[in-house]
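Now for the letters of each chain:
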Amino acid sequence: MDWPIFVFFYLVLGTTHQLLRRVLGQRLAQYNAVINLFFFLFVHYPLGLLLAFTIGFDLNIGLANIIIIVLMSCFFPIYNLLEFKASEHIEAGFFAIISNVKPVVAIVFGYLILSERMSFKEIAGATLIIIAAFLYSSFTYKGASQHSKSGLMIAFSAILISGSLGVYEVWILQRVGFGEYLVLGWGMQTFWMVIISWPQIHNLKKLFNKENGFPVLALSLANSLKGFSFLTALYLSNNVSKVSAYVSFLPIFVVIAGYFILREKNNIKLRIFCSALGCLGLLQLALG
């Protein structure tokens, strides 16, 4: 099977995930912790273990690496909780536009921590992304409710954490193998999610009724499988830039799907323009 089909899967699954996150963020805001617990404990980590046993692993990675993984893994559930909380107040299309800032954050941290150099094209791409996010955010912020303003701040906090975690994963994967990281890294992320959500763990059974059971399961599967689709596309193509260029069109998919499925019609012309501008910036980053 050729790698473009997995890019297509990524775009479909990524769009599905962001739309469902918006719907459930509004409908089941009080179950944020246990929804994310279900994702980590019953979907994401089991799939990670399956992949790890398929490719092989050796858990003898040294005490220092284990301590680093234990400490850093707590930020992954925090990021997921913040992202879900922000979706309660921010439309899916809006979130997709400002989420383009994630690779910009990763580039900045990569420059500061990993001493990675930035090309002129990367600087230009990062500038376009920031302009698009700032333009739409500032225009929307003026007439937004207090809840929406709070949601925007939560979203940017999640984006900042996510971008920095991307740099951490690149760094830690240089120190341990991929299979080892799936077992220990994803395992510790799940452990911290259990700790954080423990006071609400009794609410797990309340999620799975006729109304909410399927969308919660679909959200978790879409979130996990989009990551596997991206990794598979990278593996088959062996070309990070090309795959990254194609997946950069995700915000446009989300904006269009949000318009037709969730009826997100506010400032639609500006939203399309900003999502297109952000995609152009992401293309610059991917091909820079």
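Up top is the structure these notes are about.
Because the structure is predicted, anything quoted here is derived from the model rather than measured. (Residues numbered from 1 in each chain as written. Predicted model: local features only at pLDDT ≥ 70, side-chain atom pairs only at ≥ 80, totals over all residues. Heavy atoms only, no water.)

## Structural notes on a nonpolar patch on the surface
Piece 1. A cluster of nonpolar side chains, namely Ile-5, Phe-8, Phe-9 and Val-12, defines an oily patch on the protein surface of about 310 Å² accessible area.
Piece 2. Inspection of the secondary structure puts Val-12 in helix α1 (residues 3-27). (Patch = residues over 30% accessible without salt bridge, like charges linked within 9 Å, V, L, I, M, F, W, Y side chains within 5 Å. Areas by Shrake-Rupley, 256 points an atom, 1.4 Å probe, with all protein chains shown as cover. Salt bridge = Lys/Arg side-chain N within 4 Å of Asp/Glu carboxyl O. Helix = DSSP H or I, 4+ residues; strand = E, 2+ residues; numbered from the N terminus.)

## Details of the pattern of salt bridges
Piece 1. Within this structure, the stated rule accounts for 5 salt bridges.
Piece 2. Residues Lys-85 and Glu-88 are paired through a salt bridge, measuring 3.1 Å at the closest nitrogen-oxygen approach.

## Quick notes on the side chain of Arg-271
Piece 1. Along the chain, the position of Arg-271 falls in helix α14 (residues 268-287).
Piece 2. Of the polar contacts made by the side chain of Arg-271, one reaches the side chain of Glu-91; its length is 2.6 Å.
Piece 3. Side-chain polar atoms of Arg-271 contact the side chain of Glu-264, separated by 3.4 Å.
Piece 4. Leave out the neighbours within four places in its chain, and Arg-271 touches Glu-91, Gly-93, Phe-94, Ile-97, Tyr-136, Val-255, Glu-264 and Asn-266. (Polar contact = N/O pair within 3.5 Å; in protein donor to acceptor, adjacent residues only side chain to side chain. Contact = heavy atoms within 4.5 Å.)

## Some thoughts on the packing of helix α5 (residues 92-99) against helix α13 (residues 250-261)
Piece 1. α13 packs onto α5 with a crossing angle of 165 degrees between their chain directions and a minimal axis gap of 8 Å. Judged on the interaxial angle alone, α13 and α5 are roughly antiparallel. Crossing angle aside, the handedness with which α5 passes α13 is left-handed. Listed contacts from α13 to Ala-92, Gly-93, Ala-96 and Ile-97 of α5 are Pro-251, Val-254 and Val-255. (Axes fitted to C-alpha atoms, helices over the stretch in contact; angles between N-to-C directions. Parallel < 35°, antiparallel > 145°, perpendicular 65-115°, else oblique. Left-handed = near helix turned anticlockwise from the far one by under 90°.)

## Side note on the state of the cysteines
Piece 1. On inspection of all chains with the given rule, the structure shows 0 disulfides.
Piece 2. Free of any disulfide, Cys-274 has its nearest neighbouring cysteine sulfur in Cys-279, separated by 11 Å.
Piece 3. The class for Cys-279 is buried, based on a relative accessible area of 2%. (Disulfide = S-S within 2.5 Å. Buried < 20%, exposed > 50% of the residue type's maximum accessible area, 1.4 Å probe, protein only.)

## Examining helix α6 (residues 101-113)
An α-helical turn contains 3.6 residues, so any two residues separated by three or four positions project in the same direction.
Piece 1. Helix length check: α6, at 13 residues, gives a terminal C-alpha distance of 18 Å against a target of 18 Å (1.5 Å per residue), a fit within 8%.
Piece 2. One or two positions beyond α6, positive phi appears at Ser-115, with a value near 60 degrees. (Expected span 1.5 Å × (residues − 1).)

## What to know about the environment of Lys-210
Piece 1. Looking at the secondary structure, you find Lys-210 in the loop between α10 (204-207) and α11 (213-237).
Piece 2. What makes Lys-210 exposed here is its relative accessible area of 89%.

## Brief notes about the nonpolar core
Piece 1. In this structure, Phe-95, Ile-98 and Val-101 are the most contacted members of the largest nonpolar core, which totals 23 residues.
Piece 2. For this core, the elements supplying multiple residues, two or more each, are α5, α6, α7 (120-142), α8 (146-173) and α14.
Piece 3. Of all the elements, α7 adds the most residues to this core, at 5 residues.
Piece 4. In contact with Val-101, not counting residues within four places along its chain, are Ile-129, Ala-133 and Ile-159.
Piece 5. If you look at the next biggest cluster of nonpolar residues, it comprises 20 residues, including Leu-37, Phe-39, Val-43 and Leu-204. (Core = buried A, V, L, I, M, F, W, Y, C linked by side-chain atoms within 4.5 Å.)

## Concerning α14
Piece 1. Helix length check: α14 (20 residues) gives 28 Å between terminal C-alpha atoms against 28 Å at 1.5 Å per residue, within 8%.
Piece 2. For α14, the set of buried residues is Arg-271, Cys-274, Ser-275, Leu-277, Gly-278, Cys-279, Gly-281, Leu-282, Leu-285 and Ala-286.

## Some thoughts on the side chain of Ser-73
Piece 1. With respect to the secondary-structure elements, Ser-73 resides in the loop between α3 (63-72) and α4 (75-87).
Piece 2. By relative accessible area, Ser-73 is classed as buried at 1%.
Piece 3. Setting aside chain neighbours within four positions, we find Ser-73 in contact with Gly-185, Met-188, Gln-189 and Trp-192.

## Looking at unusual backbone geometry
One can expect most non-glycine residues to show negative phi and most peptide bonds to be in trans.
Piece 1. Not every positive phi belongs to a glycine, and Arg-263 is a case in point at roughly 60 degrees.
Piece 2. Tracing the backbone shows Arg-263 in the loop between α13 and α14.
Piece 3. Phi at Asn-267 takes a positive value of approximately 50 degrees, unusual for a residue other than glycine.
Piece 4. Mapped onto the fold, Asn-267 is located in the loop between α13 and α14.

## What about the packing of helix α2 (residues 32-55) against α11?
Piece 1. Between α2 and α11, whose axes approach to 9 Å, the crossing angle comes to 40 degrees. By the angle class used here, α2 and α11 are oblique. The handedness of the crossing between α2 and α11 comes out as right-handed. Contact with α2, carried on its side by Ile-35, Phe-38, Phe-39, Val-43, His-44, Leu-47, Gly-48 and Leu-51, involves Val-216, Leu-217, Leu-219, Ser-220, Leu-221, Asn-223, Ser-224, Leu-225 and Phe-228 of α11 and no other residues of that element.

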